[in-house]
Amino acid sequence: MLEREFSFYVEHQDELVEQYLNQYIVIIGNEVVASYDDITKAYLESKKRYKPGTFMIQLCQPGVENYTMTLHRATFRDPAQHV
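Structure report, in brief. All of these numbers come straight from a predicted model, not from anything done at the bench.

1. Regarding the sheet that holds strand β2 (residues 31-36)
- Spatially, β2-β1-β3 is the arrangement adopted by the three strands of the open sheet, whose pairing is antiparallel. Either end of the sheet is taken by a strand with one partner, and the two such strands are β2 and β3 (56-59). Adjacent strand axes in the sheet meet at a mean angle of 30 degrees, parallel and antiparallel pairs treated alike.
- Relative to β2, strand β1 (residues 24-28) runs antiparallel, the two being bridged by five bridges. Each residue of the ladder has a partner; that of I27, found in β2, is V32.

What follows is the structure, encoded as C-alpha cells:
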C-alpha cells in the first residue's frame, strides 16, 4: 500500500527538495510523475490520470517531520441500501 512510493520519497528526500521545494509531488513507484503548487489540483489531476491507490501525493519539504503519509480511499455506498 504505497510503501514503495513512501520509501522512494524518504530515500531521495534531499534531492527531491532541491528540485521540488514546497510543491506537492505525485509519486508512482520510484518516479515523480508530476508536481503542483496546490494539493487539491495535485489530487484532482492525478485522479484523472491514475487509478486511486496507485499514486502518492507528498508535500516536498526538508526534515523528518515531513515524512507524512495520509491515505485516502474511495468508498461506495449502494443507494438501494438504507442506513
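Moving on, there is more to tell.
2. Looking at the nonpolar core
- One finds L2, F6, F8, Y9, L16, V17, Y20, I25, I27, V32, M56 and C60 forming the largest nonpolar core, which totals twelve residues.
- Elements with a contribution of two residues or more to this core: α1 (3-20) and β1.
- In terms of residue count, the dominant contributor to this core is α1 (six residues).
- In contact with Y9, other than residues within four places in its own chain, are L16, I25, I27, M56, Q58, L59, C60, Q61, N66 and Y67.
- Within the second largest apolar cluster, six residues are counted, among which are Y24, V26, A42 and F55.

Cut-offs used in this document
- Residues numbered from 1 in each chain as written.
- Predicted model: local features only at pLDDT ≥ 70, side-chain atom pairs only at ≥ 80, totals over all residues.
- Heavy atoms only, no water.
- Pairing = 2+ DSSP bridges.
- Helix = DSSP H or I, 4+ residues; strand = E, 2+ residues; numbered from the N terminus.
- Axes fitted to C-alpha atoms, helices over the stretch in contact; angles between N-to-C directions.
- Core = buried A, V, L, I, M, F, W, Y, C linked by side-chain atoms within 4.5 Å.
- Buried < 20%, exposed > 50% of the residue type's maximum accessible area, 1.4 Å probe, protein only.
- Contact = heavy atoms within 4.5 Å.

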